[in-house]
Amino acid sequence: MEIAGDFRRGCELVADLALVAIGKRRTEIEQSTLRLVVTDNKHFGASLLEATGSAAHLEQLRRYAAERGVALKPDGLYRGRKLVASATEAEIYEALDLQFIEPELREGRDEIERAASQQLPPLVRDEDLHGILHSHTTASDGTETLEAMAEATRCNDGLLSSLETVITAQISKPEIFFIDPLPSPARQAF
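One structure accompanies this document, and this report is about it. Note that the structure is predicted; figures quoted are calculated from it, not measured.

**Quick notes on the side chain of Ser-54**
Within the element layout of this structure, Ser-54 appears in the loop between α2 (44-52) and α3 (55-67). Looking at Ser-54, the relative accessible area reads 9%, which means it is buried. Ser-54 has contacts with Arg-9, Arg-106, Glu-107 and Gly-108, leaving out every residue within four places of it along the chain.

**Description of the packing of aromatic side chains**
Under the definition given, this model contains one aromatic pair. An angle of 85° between the planes, with centres 5.6 Å apart, marks the rings of Tyr-93 and Phe-100 as edge-to-face. Taking relative accessible area as the criterion, Phe-100 reaches 30% and is therefore assigned partly exposed. Over the ring of Tyr-64 we find Arg-68; its NZ or CZ atom is 3.4 Å from the centre of that ring. Just above the ring of Tyr-78 sits the side chain of Lys-73; from NZ or CZ to the centre is 5.0 Å.

**Thoughts on the pattern of salt bridges**
Considering all chains together, one arrives at 11 salt bridges under this definition. With a closest N to O distance of 3.1 Å, Asp-6 and Arg-9 form a salt bridge. Exposure remark for Asp-6: the relative accessible area of 12% places this residue in the buried category. Across the pair Arg-9 and Glu-107 runs a salt bridge whose closest N-O atoms are separated by 2.7 Å. Of this pair, Arg-9 sits in the loop between α1 (5-8) and β2 (17-22) while Glu-107 sits in the loop between α4 (89-95) and α5 (111-116); the two residues are 98 residues apart in sequence, bridging distant segments of the chain. Residue class for Arg-9 comes out buried when judged on its relative accessible area of 9%. When salt bridges that share partners are traced, they join Asp-6, Arg-9 and Glu-107 into one network.

**Brief notes about the sheet that holds strand β5 (residues 71-73)**
Here we have three strands laid out as an open sheet, ordered β5-β6-β7, and antiparallel in their pairing. Strands at the two margins of the open sheet, each flanked by one partner only, are β5 and β7 (82-85). Each strand of the sheet is rotated relative to its neighbour by a mean of 40°, with strand direction disregarded. In the sheet, strand β6 (residues 76-79) pairs with β7 via three bridges, with the strands oriented antiparallel. Directly across from Tyr-78, in β7, lies its bridge partner Leu-83.

Calculation notes
Here, residues in each chain are numbered from 1, in the same order as that chain's written sequence. At least 70 in pLDDT is required for a residue's local features to be given in this predicted model, at least 80 for side-chain atom pairs to be given and counted, and no such filter applies to totals for whole chains, interfaces and linings, which use all residues. In computing side-chain values, all of the structure's heavy atoms are included and hydrogens and water are not. Only DSSP runs of H or I covering at least 4 residues are called helices, and only runs of E covering at least 2 are called strands; the numbering of each starts at the N terminus. Burial classes follow relative accessibility: with a 1.4 Å probe on protein chains only, a residue under 20% of its type's maximum area counts as buried, one over 50% as exposed, and anything between as partly exposed. Whether two residues are in contact is decided by their heavy atoms, any of which lying within 4.5 Å being enough. Whether two aromatic rings pair depends on their centres lying within 6.5 Å, for rings of Phe, Tyr and Trp, where Trp uses its six-membered ring; planes under 30 degrees apart make the pair stacked, over 60 edge-to-face, and the rest tilted. Cation placement over rings: the criterion is NZ of Lys or CZ of Arg within 6 Å of the ring centroid and within 35° of the ring normal. Salt bridges are defined as contacts in which a side-chain nitrogen from Lys or Arg sits within 4 Å of a carboxyl oxygen from Asp or Glu. Pairing between two strands is assigned when DSSP locates at least 2 bridges connecting them. All axes are obtained by fitting lines to C-alpha atoms, using only the stretch in contact for helices, and the reported angles, taken between N-to-C directions, cover 0 to 180 degrees.

Structure, rendered in structure tokens:
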């Protein structure tokens, strides 16, 4: 089973949750904010691509496919009645001569044009992060103490253990008196 939809694309807000699972035949169940797609191995990639979206990306991808004489359907990429690609998302993008488009980039912006010219940017991965420059502790509105955060950087597992720098920045609580450092004329300039 794979998570799809807004969550797989890394959207800040997840309006719906989509899941794609392998079964004997294609079935789709939608209830409120949950969508379950069951499909066979042969069509899994096409179903995952369709369930991941976004709507704008899928529309542009269908148009791009049509311009090349193929049709992108929920169960695969077709040339006439012949199934060209459907088992994996990578197979579908490759059949369209596109660089693989990571789910996080599938928003219907310029990703298809960039994939066509092999110009998609690499995504930032956990191992690319060297520090956290803004985190809150329980001294303000955070959920962990400074000591717990420092200890997490010493552990051998998890994201914090691989960081070189962790900087905490606290916000003032409403009950703490805050002095405005900008004189009145400077404030008005903003």
